[in-house]
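Observations on the three-dimensional arrangement
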Amino acid sequence: TKWSLVCESRSASGQHTCSAGVCIRETALISLSFGGAIGLMFLMLGCALPIYNQYWPLFVLFFYILSPIPYCIARRLVDDTDAMSNACKELAIFLTTGIVVSAFGLPIVFARAHLIEWGACALVLTGNTVIFATILGFFLVFGSNDDFSWQQW
């Protein structure tokens, strides 16, 4: 089949075993890793190119680390069987939105204050878009409560 060519693994008996769900998740994990690397490359280009040579945009790394924390805490505290909206979960989404908006605002403030060039700001904003899309993709792919969930890590 199509997936046996893409994702082949051998069990102890030598048979090829691969369930489509696991292969898709492995492919998604590799794609998300590639996306994270591309986003960080844009961030580093905005800092280290000789025409820019300012490392102030690296402060957005704190926002990359902080952005998933409120949602992770809310997922641990909230029972998902409740179909109604939950204040804890909504607060977590609000805080995450504030962190993401701050990550996009900080390079613009730096550029307006002439700490960095506008080209560096554009590269950092591009990196922000890729990194936050990667973080969102991670939670969409691995956020369900099944056997291969991020909560088991």
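Bear in mind the structure is a predicted one, so any value in this text is a computation, not a measurement. (Residues numbered from 1 in each chain as written. Predicted model: local features only at pLDDT ≥ 70, side-chain atom pairs only at ≥ 80, totals over all residues. Heavy atoms only, no water.)

**Re the overall build of the chain**
When helices and strands are tallied, the chain shows six helices and zero strands. Across the chain, helices and strands are ordered from the amino to the carboxyl terminus as α-α-α-α-α-α. Taking all contacts inside the chain whose residues are at least 6 apart in sequence as the whole, residues at least 24 apart take part in 58%. On the chain, roughly 9,700 Å² of surface is accessible, and the fraction owed to carbon and sulfur atoms is 69%. (Helix = DSSP H or I, 4+ residues; strand = E, 2+ residues; numbered from the N terminus. Contact = heavy atoms within 4.5 Å. Areas by Shrake-Rupley, 256 points an atom, 1.4 Å probe, with all protein chains shown as cover.)

**Concerning the UniProt feature "transmembrane region" (unreviewed entry) in the chain**
The positions that UniProt labels "transmembrane region" (unreviewed entry) are, in the present scheme, residues 29-52, 58-78, 90-110 and 116-142. For residues 58-78, the end-to-end C-alpha separation is 33 Å, with 76% helix and 0% strand making up the annotated structure. Between the end C-alpha atoms of residues 116-142 there is a gap of 36 Å, over a span that is 93% helix and 0% strand. (UniProt positions renumbered as here; feature names shortened; annotations may be inferred.)

**Section: unusual backbone geometry**
With a phi angle near 50 degrees, Asn53 is a residue other than glycine that sits in the positive phi range. Inspection of the secondary structure puts Asn53 in the loop between helix H2 (20-48) and helix H3 (60-66). Overall, the relative accessible area of 46% leaves Asn53 in the partly exposed class. Even without a glycine there, the phi angle at His114 is positive, about 60 degrees. (Buried < 20%, exposed > 50% of the residue type's maximum accessible area, 1.4 Å probe, protein only.)

**Let's talk about the nonpolar core**
Core analysis: the biggest nonpolar cluster contains nine residues, these being Leu43, Val60, Phe63, Tyr64, Ile99, Ala103, Val124, Ile131 and Phe132. Counting residues in hydrophobic clusters, the runner-up holds seven residues, among them Tyr52, Ala111, Cys121 and Leu123. (Core = buried A, V, L, I, M, F, W, Y, C linked by side-chain atoms within 4.5 Å.)

**Quick word on the environment of Phe63**
As for its placement among the helices and strands, Phe63 is situated in helix H3. Separated by 35 residues in the primary sequence, Phe63 and Gly98 have C-alpha atoms spaced 9.9 Å apart. Excluding residues that lie within four positions of it along the chain, Phe63 makes contacts with Ile99, Ser102, Ala103, Leu106 and Phe132.

**Examining the packing of helix H5 (residues 87-112) against helix H6 (residues 118-142)**
Contact geometry of H5 with H6 gives a least axis separation of 9 Å together with a crossing angle of 175 degrees. Considering the angle they form, H5 stands roughly antiparallel to H6. Across the interface between the two elements, Val100, Ala103, Phe104, Pro107, Ile108, Ala111 and Arg112 from H5 touch Trp118, Cys121, Val124, Leu125, Asn128, Thr129 and Phe132 from H6. (Axes fitted to C-alpha atoms, helices over the stretch in contact; angles between N-to-C directions. Parallel < 35°, antiparallel > 145°, perpendicular 65-115°, else oblique.)

**Considering helix H4 (residues 69-77)**
Where H4 is concerned, the buried positions are Pro70, Ala74 and Arg75. Across the axial projection of H4, the buried residues extend over an arc of 135 degrees, all falling on one side. Contacts made by the buried residues of H4 are with H3 and H5. (Arc of directions from axis to C-beta.)

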